[in-house]
Amino acid sequence: MKLILPALTEATSPYWRPIKYSLFPPLGLATLAAYLPPDTKISLQDEHVEKLNLDDEPDLVVIQVYITNAYRAYEIADHYRARGAYVVLGGLHVTSLPNEAAPHGDTIFLGPGEHTFPQFLKDLAAGQPQRRYESSVRTLKGLPPIRRDLIQRHRYLVPNSIVVSRGCPHHCTFCYKDGFFAGGRSFYTQQVDDALAEISRLPGKHLYFLDDHLLGNTRFARDLFRGMRGMGRIFQGAATVDSILRDDAIEDAAAAGLRSLFVGFETLSNNALADAGKRQNLGRNYREVVRRLDSLGVMINGSFVFGLDGDDRDVFRRTVDWAVEVGVTTATFHVLTPYPGTALFQEMESRNRIASRNWDLYDTRHVIYQPLCMSPDELKRGYDWAYQEFYRWSNIFDAASAHISTKHQLKHFFYSAGWKKFEPAWDFVIRVKQLAQLRPVLEAVLSPVTNRDPKSKTNRLSGRNQPTVEASSATRLLLGNLSNEPQKHQISA
Ligand code: B12
Ligand code: SF4
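Throughout what follows, the structure given in this document is the object of discussion. What you see is a predicted model; the values in this text were computed from it and never measured.

1. Focus: the overall build of the chain
Here is step 1: From N to C terminus, the chain includes 21 helices and 14 strands.
Here is step 2: In the chain, which comprises 493 residues, the proportion classed as buried is 58%.
Here is step 3: Counting only contacts in the chain whose residues sit at least 6 apart along the sequence, the fraction spanning at least 24 positions is 75%.
Here is step 4: When the accessible area of the chain is evaluated, it comes to approximately 20800 Å², of which 52% is carbon and sulfur surface.

2. What about the site of ligand 2?
Here is step 1: Residues in contact with ligand 2, as listed here, are Cys168, His170, His171, Cys172, Phe174, Cys175, Asp212, Thr240, Lys278 and Gln280.
Here is step 2: The residue inventory of the shell around ligand 2, partitioned by class, reads four nonpolar, four polar and two charged.

3. Description of the sheet that holds strand E14 (residues 330-335)
Here is step 1: Strand order in the open sheet formed by six strands is E7-E10-E11-E12-E13-E14, and the pairing between neighbours is parallel. For this open sheet the edge positions go to strand E7 (161-162) and E14, each flanked by a neighbour on one side alone.
Here is step 2: As defined by bridge partners, strand E13 (residues 299-306) adjoins E14 across six bridges and the pair is classed as parallel. Across the sheet, residue Phe306 finds its bridge partner in E14, namely Val335.
Here is step 3: Contacting strand E11 (234-239) and strand E12 (258-266), helix H11 (residues 249-256) runs over the sheet at an angle of about 140 degrees to E12.

Cut-offs and rules
Residues numbered from 1 in each chain as written. Chains lettered and ligands numbered in written order. Predicted model: local features only at pLDDT ≥ 70, side-chain atom pairs only at ≥ 80, totals over all residues. Heavy atoms only, no water. Helix = DSSP H or I, 4+ residues; strand = E, 2+ residues; numbered from the N terminus. Buried < 20%, exposed > 50% of the residue type's maximum accessible area, 1.4 Å probe, protein only. Contact = heavy atoms within 4.5 Å. Areas by Shrake-Rupley, 256 points an atom, 1.4 Å probe, with all protein chains shown as cover. Near = heavy atom within 4 Å. Nonpolar A, V, L, I, M, F, W, Y, C, P; charged D, E, K, R; others polar. Pairing = 2+ DSSP bridges. Axes fitted to C-alpha atoms, helices over the stretch in contact; angles between N-to-C directions.

In structure tokens form, the structure reads like this:
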């Protein structure tokens, strides 16, 4: 039996970042593999990190299809069907466009696979597999332990990725979530004890929770984090702005080892938030979000979307300036992308605003629709500019200086620079298969910060526009001349 995560066509493009694709192993497939009989001979291949062996002759081939790997997934599926294998396809893109996927598979799956895949295996064993399975039973109770033994840990920087919930309680119009979970619950968690058991099975210290919204269920989150205290873990995850301000779950998370958080700010405009159905962000004080995380020593990966209907040509500079000023550690910018199956796609399609159906381009880096307040070219150039600008040495330095403690400043600097400024070094380490050697470095950068640093008195978020003299001079000493860059250039968009 063979399980495959095909790589995206973009693997040959100049934007290809091997490190981004060597972060996480194929968790979805390892989850499905747990339902196979223990004596099955299984091969799990991830094309992002290894060359596929396509000369074998498996009986059953299981392929996971995202939007940007869809064409490659279909190609591999056709190949194995021609060799006589039984091929099944599932995942987000198959769920969005089942009719497109169906001709390439013997069976297709819509939605999460925890209930349908074991049912299919029974039907297959009985010689009566169906053409199509749609998930409706949604529970993570009794989930068998993920087959992590099939994962080649040495190929990933973060082999300990984990999900303890599925979906999200919110309904943003651009998100994959509502389409993927249609026909059943769209947000549910594991039992806390099961989640803790899965965590304790993971070796090492560092974990990355890939849940859409780790604080989506406050009670679950609190119990989970309280159970994790004393486990000596450090971890990263994702949550919404409202959940950070809502209660003290974020403090429990920090006490349990949370060191960096992906936060969906998306836009600084209230109108754009309302348009995108992102009600949970409306009227929230973003600075307060940053201040709270900063006070807990949690670094921020801020997510921002460009091209929402209210966005004009100034949106790029406004966003980057804000992110640098408040001290966002890393920023992930996206060109608004209407994924098929979302409310946004339907809306744009009904207004003839979809400009391309080439799924390879649906990677949040290309403009595949007609924006309202600028041209597609302006949007693309503004997006490129924002990345360049945010990750200029001088801006990395400035953003790092926004924090309260010196240690947080240094961590910010190394994390942000390490992620974006040393691409050739990452490529080399991946080529010589030594990624695992860098895990202790990552763990060191994620080590705790106590904001009782005597040298730190205030920061920009608490009202002053400059970091404390002592703190910034310590950072400057360490960083030397790195920030000696020319003046900021004008936005090209
Ligand atoms: C980790 C992650 C990545 C990692 C790699 C993932 C990996 N190695 O598996 C990296 C960083 C490389 C990445 C990259 C990208 N990602 Co990504 N990623 C995720 C994330 C956060 C978690 C995925 C995960 O592990 N989920 C947990 C597991 C358990 O769930 P799962 O993988 O979906 O598998 C379940 C089901 O889908 C189903 N299933 C899947 N396959 C099959 C097959 C069969 C036969 C069956 C029965 C069932 C089945 O069963 C599994 C168990 O329930 C998701 C968000 C999310 N919550 O899913 C986004 C997400 C998948 N990514 C997304 C996107 C857009 C991208 C990028 C294009 C972004 C970019 N700008 O570069 C790239 C391209 C990826 C590609 N290869 O094409 C979108 C996909 C949208 C879409 N409609 O396809 C998502 C949903 C994020 C979002 N909210 O928009 N990503
Ligand atoms: S909060 Fe995030 S995961 Fe939840 S619906 Fe909105 S974009 Fe999707």
